[in-house]
Amino acid sequence: MNPHFQQGIEYFYERRFMEAMRHFALALSDNPQDKEARIGAILCDMASSNEEQAMALFEYYLLTKQNGAQDCEDVMEEIINSVEENSDKIAHLFNHKDLEARINAENGIKYEDFMALIESRGSFKEAFEDIMFSTKVIISKKEDFVDFLAKLIDNGFIEMSLNYLESAVTLFPNDEQLLSLIKKVQK
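These numbers were taken from a predicted model, which means no experiment stands behind them. (Residues numbered from 1 in each chain as written. Predicted model: local features only at pLDDT ≥ 70, side-chain atom pairs only at ≥ 80, totals over all residues. Heavy atoms only, no water.)

Asker: Could you clarify how one ought to interpret the packing of aromatic side chains in this entry?
Answerer: Both the distance between ring centres and the angle between the ring planes are used here to describe each pair of aromatic rings. Tallied over the full model, the rule gives 16 aromatic pairs. For the pair F124 and F157, a centre-to-centre distance of 6.4 Å together with 70° between the ring planes defines the contact as edge-to-face. Of this pair, F124 sits in helix α8 (residues 124-131) while F157 is found in the loop between α9 (142-154) and α10 (158-171), placing the two residues 33 residues apart along the sequence. In this structure F124 comes out as buried when scored by relative accessible area, which is 7%. (Phe/Tyr/Trp six-rings, centres within 6.5 Å; stacked < 30°, edge-to-face > 60°. Helix = DSSP H or I, 4+ residues; strand = E, 2+ residues; numbered from the N terminus. Buried < 20%, exposed > 50% of the residue type's maximum accessible area, 1.4 Å probe, protein only.)

This is the structure in structure tokens:
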């Protein structure tokens with residue numbers, strides 16, 4: 001194993017991502033085809049925006065490699081690409097700049113307005129059934145998203161909540177609120 005790669009792993013575990021990146025880059029300069037160092041560098045970059053997610057993927061990668069999995073670097077690159085793609089999709093949901101444009105273009109309402117509709121209807125289920133086929137609920141805060149998922153589960157919209165949870169967990173893999181919602185759905 002390349003000593004720079006080994007040093008990169010140690011720095012990564014210490015959450016010293018800049019130093020880890022430097023060592024992975026040095027390992028790549030020694031051998032540009034080094035897939036291990038490439039994965040390490042990609043995960044260091046990912047850690048700058050989502051440290052927990054990068055740590056979880058790094059642990060998974062090392063465990064998979066340790067267990068002798070074939071082509072685990074290629075599999076990891078596919079996982080990273082998938083995670084980044086889902087992260088971009090969910091991050092777009094929380095982008096405030098084009099919230100008003102999205103509301104107009106997608107025949108949507110803000111979460112706050114949806115909450116007012118619930119209050120006027122007297123029931124989440126009734127309000128949601130009124131709009132679910134014609135109007136999108138536009139959510140711009142993570143807290144509102146978690147609240148919306150909890151209300152979906154509490155009101156029997158299990159399949160729909162699972163679809164949202166699958167995407168959300170890839171973006172926030174260690175989020176305790178989301179993990180507790182998954183446990184709630186499993187009951």
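Asker: Is there a simple way to think about the environment of S134 in this case?
Answerer: Mapped onto the elements of the fold, S134 is located in the loop between α8 and β2 (136-138). As a C-alpha pair, S134 and G108 span 26 residues in sequence and 8.5 Å in three-dimensional space.

Asker: Just checking my understanding: could you explain the packing of α9 against helix α11 (residues 176-186) for this structure?
Answerer: When two helices pack together, their arrangement is given by the angle between their axes and by how far apart the axes lie. α11 packs onto α9 with a crossing angle of 5° between their chain directions and a minimal axis gap of 11 Å. Our classification of the angle between α9 and α11 gives roughly parallel. Together, V146, L149, A150, I153 and D154 of α9 and Q177, L178, L181, K184 and V185 of α11 make up the contact between the two elements. Looking at the contact of α9 with α11 residue by residue, the classes come out as seven nonpolar, one polar and two charged. (Axes fitted to C-alpha atoms, helices over the stretch in contact; angles between N-to-C directions. Parallel < 35°, antiparallel > 145°, perpendicular 65-115°, else oblique. Contact = heavy atoms within 4.5 Å. Nonpolar A, V, L, I, M, F, W, Y, C, P; charged D, E, K, R; others polar.)

Asker: What am I meant to see in α11 here?
Answerer: In an α-helix, one turn spans 3.6 residues, which is why side chains three or four residues apart end up on the same side. Regarding α11, the residues found buried are L178, L181 and V185. An end-on view of α11 places all buried positions within 55° of arc, on one side of the element. In this structure, α11 carries E176, K183 and Q186 as exposed residues pointing more than 90 degrees from its buried face. Check the buried side of α11 and you find it contacts α9 and α10. (Arc of directions from axis to C-beta.)

Asker: Any chance you could explain the environment of H23 here in plain terms?
Answerer: Of note, H23 is situated in helix α2 (residues 17-30). Linking H23 and Q7, residues 16 residues apart in sequence, is a C-alpha distance of 6.5 Å. Excluding residues that lie within four positions of it along the chain, H23 makes contacts with H4, F5, Q7, G8 and Y11.

Asker: Could you clarify how one ought to interpret the packing of helix α7 (residues 111-121) against α9 in this entry?
Answerer: In contact at an axis separation of 11 Å, α7 and α9 are set at 35° when each is read in the N-to-C sense. For the pair α7 and α9, the sense of crossing is left-handed. Across from Y111, E112, F114 and M115 in α7, the residues of α9 making contact are D144, D147, F148 and K151. Here the residues of the contact of α7 with α9 are counted per class, giving four nonpolar, no polar and four charged. (Left-handed = near helix turned anticlockwise from the far one by under 90°.)

Asker: Would you mind showing me how to read the pattern of salt bridges here?
Answerer: Where charged atoms of side chains with opposite charge meet at close range, the side chains can pair. Summed over the entire model, instances satisfying the criterion amount to 10 salt bridges. A salt bridge links R16 to E14, with the shortest nitrogen-to-oxygen separation between them at 3.1 Å. Residue classification places R16 among the partly exposed residues on the basis of a relative accessible area of 36%. Here E19 ties to R16 by a salt bridge, and the two come within 3.6 Å at their closest N and O atoms. On the basis of relative accessibility, which here comes to 28%, the residue E19 falls in the partly exposed class. Put simply, E14, R16 and E19 are held in one network by salt bridges that share partners. (Salt bridge = Lys/Arg side-chain N within 4 Å of Asp/Glu carboxyl O.)

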